[in-house]
Amino acid sequence: MVAGNVFFLILRRMRAPLILLILIYSISILGLTLIPGVDEQGRSTPPLSIFHAFYFISYTATTIGFGEVPQAFSNAQRLWVIVCIYLSVVGWSYSILTLLGLVQDSGFQHALTTARFRWRVRRMGEPFLLICGCGETGSLVGRALDRQGRRFVILEASKERVEELDLEDFKTDTPALALDARLPENLILAGLRHTRCQGVLALTNSDEANLAIAIAVRLLNPSIQVLARAEQRGTVDNLKSFGTDQVINPFERFADYLALAVHAPVCYQLVERLTGTAGQQLPSPLPLPPRGHWVICGYGRFGQAVARRFDAEGLDYSIIDPRSDLAHDKLQVVGMGTEAEPLRAAGIEGAVGIVVGTENDVNNLSVAMTAQEINPRLFVVMRQNQVANSILFQAFRAHICMVPSRIIAQECLALLATPLLALFLERLQQAGDAWAQPLEKEMQRRFGLDIPEVWNVRLNAREARALHRTMVMEGSSVFLGDLLKSPSQRENNNNLLPLLLQRDGQVIMLPGPETLLQPGDWLLFAGTASSRRDLWLTLFSEKTLTYVRTGRELAGGWLWQRLQRQQKS
């Protein structure tokens, strides 16, 4: 369809030049077939045949010039050829200029780009994700997916942002197109109905657009996963009403974590450890918000989300906002907070902390610096709206810095790469600090301040070939403790911690080594990169699995292993 549009667009734009060239060629050929020639003796000869006239005009009009064939021309023929040459120059010049104008035409370039995009999406043979919106959040998600070796397609409304993607050092050639993702035909063009499409991430800056995308996916391909960003509570409720798999509100999510840090600091430490970037370190000590009087500067979506969590925790706070009509029973001070007077009126001198959450990064930094000058002991929580301002916020060194794009990106990656992690964190927060304390101590003993890798494994033929074969085809019993043993020395265990087991809807938190595994079990692990490689070897190598289970060494080659199995039977 798109390729056909490009073809007919070329024909439509080039119609007049082509007709002109055809007329010039036809008149030139006709003249040569009517004008008689002359031989060496000066006698008149018949005109050129249609074939010879066509041959001569073809190479003369294209400036190749082989001479006068099949014989020397008469003066009349040469005069006619001069006319034909200048006519063909005019015709070709007009055609070339029209063609150059067509190539530079934005409509033609868009049609050509769309045709190439559609061809690349159709040829994708690997599973891929469709990312709608490639601003700060989409870029963070895209770079992380690229590092993981996962394929994705991008729809972004901004043409300039799509052009900037060419500067990204992606490992793979990522299809990207500047189109409005709210339109269903654009989603289909980007592979929504492709058999390899695994899910759609609606990450635009517009709640309305994300809602439209989620509805279109649910109607056109309800079998795939949908992750949507939403910042308005009404949009969140709307998205959840028709079964959107995950709805991520960065303000509500951060407010949840802030409240968790207040009433369950151990759970908060575990959340930070399990959702951080593997290989990095946790700050020591981890900043924990104190109890006492707080000042919330900026009562927008972020400030309201924090206020609701403070109300639930029973924390006292006052509000600074330029609006004077806030429907709230707390102390309200009208102002920006960038000057000392509103801060003092809100009780900053006796406060334990301040939450700065306006939509302007410069104002946020100004408020925080002014508040810290008045009360240097303040616990500072800041909202950073633009990732580009990271260097400024790092220089200020707030205790906690909230970046909406990063929160959404981390949440998306966690849900895509480790779906069981969201379930574990939910159960963790329900269990509380008393349950989490021993787990945090074990984490500290194993990993120190290092953030471990977190991943999930399903015990099936695709993700655990050797283990699945042992349990299903041989009927052997395999315990969770077998998977924790080192493939080189089974007397030692890997630095591997099983966090959760899901089986037929049943959830087991922190399953023990004595747990009997079954085909189809879904396990969540935390561990080092080397322990993850060792686990992979145990799951896929029958020789390694047999060794960690029984201590018996199998023959090295596939043929010898098969012969041993035949001898057993």
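Residues numbered from 1 in each chain as written. Predicted model: local features only at pLDDT ≥ 70, side-chain atom pairs only at ≥ 80, totals over all residues. Heavy atoms only, no water.

### Regarding the overall build of the protein
Helix and strand content of the protein: 24 helices and 18 strands. For 569 residues, the compact-globule estimate of 2.2 N^0.38 gives 25 Å, and the protein exceeds it by more than 25% at 35 Å. Taken over the C-alpha atoms alone, the protein extends approximately 120 × 85 × 40 Å along its principal axes. Burial status across the protein gives 48% buried among its 569 residues. Pairs at least 24 apart in sequence give 65% of the contacts found in the protein among residues at least 6 apart. When the accessible surface of the protein is totalled, it reaches about 28,400 Å², and 55% of it is carbon and sulfur. Distance between charge centroids for the protein: 8 Å, based on 56 positive and 54 negative side chains. (Helix = DSSP H or I, 4+ residues; strand = E, 2+ residues; numbered from the N terminus. Rg over C-alpha atoms; globule rule 2.2 N^0.38 Å. Buried < 20%, exposed > 50% of the residue type's maximum accessible area, 1.4 Å probe, protein only. Contact = heavy atoms within 4.5 Å. Areas by Shrake-Rupley, 256 points an atom, 1.4 Å probe, with all protein chains shown as cover. Lys, Arg positive; Asp, Glu negative; His and termini not counted. Charge placed at Lys NZ, Arg CZ, Asp CG, Glu CD.)

### A closer look at the state of the cysteines
Tallied over the entire structure, the rule returns zero disulfides. Free of any disulfide, Cys-132 has its nearest cysteine sulfur in Cys-197, 9.1 Å distant. Sulfur of Cys-412: no disulfide; nearest cysteine sulfur belongs to Cys-132 and is 12 Å away. (Disulfide = S-S within 2.5 Å.)

### Brief notes about helix 18 (residues 419–431)
Note on helix geometry: an α-helix contains 3.6 residues per turn, so any two residues three or four positions apart are oriented the same way. An ideal rise of 1.5 Å per residue puts 18 Å on 13 residues; helix 18 measures up with 19 Å between its terminal C-alpha atoms. Burial in helix 18 covers these residues: Leu-420, Leu-421, Leu-423, Phe-424, Leu-425 and Leu-428. Once helix 18 finishes, Gly-432 follows within two positions and takes phi at roughly 90°, a positive value. (Expected span 1.5 Å × (residues − 1).)

### Topic: the sheet that holds strand 12 (residues 353–356)
Strand pairing in a sheet is mediated by backbone hydrogen bonds. Such pairs are either parallel or antiparallel. Spatially, six strands are ordered 11-10-9-12-13-14 in an open sheet, and the strand pairing comes out parallel. Looking at the sheet topology across the chains shown, the edges are occupied by strand 11 (331–334) and strand 14 (400–402). For this sheet, the mean angle separating the axes of adjacent strands, direction not counted, is 15°. Looking at chain direction, strand 9 (residues 293–297) and strand 10 (residues 316–321) are connected through five bridges and run parallel. Paired with His-293 across the bridge in strand 10 is Asp-316. Seen against the sheet, helix 11 (residues 250–263) touches strand 13 (379–383) and strand 14 and runs at an angle of roughly 160° to strand 14. The sheet strands contacting helix 15 (residues 361–374) are strand 9, strand 12 and strand 13, and the helix crosses strand 13 at an angle near 170°. (Pairing = 2+ DSSP bridges. Axes fitted to C-alpha atoms, helices over the stretch in contact; angles between N-to-C directions.)

### Description of the sheet that holds strand 3 (residues 128–132)
Read from one edge to the other, the open sheet built from six strands follows the order 5-4-3-6-7-8, with strand pairing classed as parallel. Two strands close off the open sheet at either side, each with one partner strand: strand 5 (176–178) and strand 8 (246–248). Sheet twist, expressed as the average angle between the axes of neighbouring strands with direction ignored, equals 15°. In the packing of helix 6 (residues 136–147) onto the sheet, the strands contacted are strand 3, strand 4 (151–156), strand 6 (197–202) and strand 7 (225–229), and the crossing angle to strand 3 comes to about 165°.

### Some thoughts on the environment of Asp-433
Within the secondary structure, Asp-433 is located in helix 19 (residues 433–447). Remark: the alpha-carbon pair of Asp-433 and Ala-264, spanning 169 residues in sequence, is separated by 5.6 Å. In this structure, Asp-433 is in contact with His-263, Ala-264, Pro-265, Val-266 and Cys-267, ignoring residues within four places of it in sequence.

### Quick word on a nonpolar patch on the surface
A surface patch of nonpolar side chains, amounting to about 490 Å² of accessible area, comprises Leu-79, Ile-82, Ile-85, Tyr-86 and Val-89. Looking at the secondary structure, you find Leu-79 in helix 4 (residues 75–104). Using a relative accessible area of 56% as the deciding quantity, one classes Leu-79 as exposed. (Patch = residues over 30% accessible without salt bridge, like charges linked within 9 Å, V, L, I, M, F, W, Y side chains within 5 Å. Salt bridge = Lys/Arg side-chain N within 4 Å of Asp/Glu carboxyl O.)

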